[in-house]
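Residue-level listing of the chains:
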Amino acid sequence: MRENLLGGPEPTYLSQDHPDVPARAAVAAGAPPGQVAAEYPAASYPWALLAREALAAGETVAAYAFARTGYHRGLDALRRAGWRGHGPIPATHEPNQGFLMALVALATAAERIGEDEEAQRCRTFATDSDPAALEL
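Thresholds applied
- Residues numbered from 1 in each chain as written.
- Predicted model: local features only at pLDDT ≥ 70, side-chain atom pairs only at ≥ 80, totals over all residues.
- Heavy atoms only, no water.
- Helix = DSSP H or I, 4+ residues; strand = E, 2+ residues; numbered from the N terminus.
- Rg over C-alpha atoms; globule rule 2.2 N^0.38 Å.
- Contact = heavy atoms within 4.5 Å.
- Areas by Shrake-Rupley, 256 points an atom, 1.4 Å probe, with all protein chains shown as cover.
- Lys, Arg positive; Asp, Glu negative; His and termini not counted.
- Charge placed at Lys NZ, Arg CZ, Asp CG, Glu CD.
- Axes fitted to C-alpha atoms, helices over the stretch in contact; angles between N-to-C directions.
- Parallel < 35°, antiparallel > 145°, perpendicular 65-115°, else oblique.
- Nonpolar A, V, L, I, M, F, W, Y, C, P; charged D, E, K, R; others polar.
- Salt bridge = Lys/Arg side-chain N within 4 Å of Asp/Glu carboxyl O.
- Buried < 20%, exposed > 50% of the residue type's maximum accessible area, 1.4 Å probe, protein only.
- Expected span 1.5 Å × (residues − 1).

## A short note on the overall build of the protein
- Across its full length, the protein holds 6 helices and 0 strands.
- Secondary structure elements in the protein, listed N-terminal to C-terminal, are α-α-α-α-α-α.
- Radius of gyration (C-alpha) of the protein: 14 Å, near the 14 Å computed for a compact globule of 136 residues.
- Along the first, second and third principal axes, the C-alpha atoms of the protein reach 45 × 35 × 20 Å.
- Restricting the contact set of the protein to residue pairs at least 6 apart, pairs at least 24 apart contribute 60%.
- When the accessible surface of the protein is split by element, carbon and sulfur atoms take 54% of a total near 7,000 Å².
- Looking at charge distribution, the protein has the averaged site of its 11 positive side-chain charges lying 3 Å from that of its 17 negative ones.

Put into structure tokens, the structure is as follows:
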């Protein structure tokens, strides 16, 4: 465990056996994100990719639904990993990235449908988790 010099909560790291790990490998091997989401529904990563694809295609409502699914799957996993509603979620840790990507996609989709309060809450959550989350 890393030393926490600020006295706040320890960073949360999803485990290496989290479903995002094999889901990410499947996508890297060429499987379409929709197929991977169906195979690994508890993974955030394929849902985040589906959200990004839908955003790029102008399918905002679908993007919102995909992003929200990835976000909630990630919240469940983070809570099981000991996260208590606040504290760092490092973007450099690959299993955390799907959740953070879904969170940022949710912010973008929420903004596009006029849910400005939710969009701001999601962006704040992402930057509070790790400012690098916005760059994933």
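## Structural notes on the packing of helix α1 (residues 20–28) against helix α5 (residues 94–112)
- Contact geometry of α1 with α5 gives a least axis separation of 8 Å together with a crossing angle of 80°. Classified by the angle their axes make, α1 and α5 are roughly perpendicular. The residues of α5 that touch α1, namely those facing Asp20, Val21 and Arg24, are Glu94, Pro95, Gln97, Gly98 and Phe99.
- Considered class by class, the residues forming the contact of α1 with α5 number 3 nonpolar, 2 polar and 3 charged.

## A word on the environment of Val27
- Secondary-structure assignment places Val27 in helix α1.
- Taking the C-alpha atoms as reference points, Val27 and Tyr40, 13 residues apart in sequence, are found 11 Å from one another.
- Aside from chain neighbours lying at most four places away, what touches Val27 is Val36, Tyr45 and Leu49.

## So, the pattern of salt bridges
- Here the structure, examined in full by the defined rule, presents 4 salt bridges.
- Measuring nitrogen to oxygen at the nearest pair gives 3.6 Å for the salt bridge that ties Glu111 to Arg123. Of the two residues, Glu111 is situated in helix α5 and Arg123 in helix α6 (residues 116–129); the sequence distance between them amounts to 12 residues.
- Residue classification places Glu111 among the partly exposed residues on the basis of a relative accessible area of 44%.

## Notes on the packing of α1 against helix α3 (residues 45–56)
- Viewed as axis vectors pointing N to C, α1 and α3 meet at an angle of 50°, and their least axial separation amounts to 8 Å. Judged on the interaxial angle alone, α3 and α1 are oblique. Across from Asp20, Ala23, Arg24 and Val27 in α1, the residues of α3 making contact are Tyr45, Pro46 and Leu49.
- When the residues that make up the contact of α1 with α3 are grouped by side-chain class, the tally is 5 nonpolar, no polar and 2 charged.

## Digging into α5
- The end-to-end C-alpha distance of α5, which contains 19 residues, comes to 28 Å, matching closely the 27 Å that a straight helix rising 1.5 Å per residue would cover.
- Within α5, 16 of the 19 residues are buried, which leaves it mostly tucked inside the rest of the structure.
- Of the residues one or two after α5, Gly114 is the one with positive phi, at around 85°.

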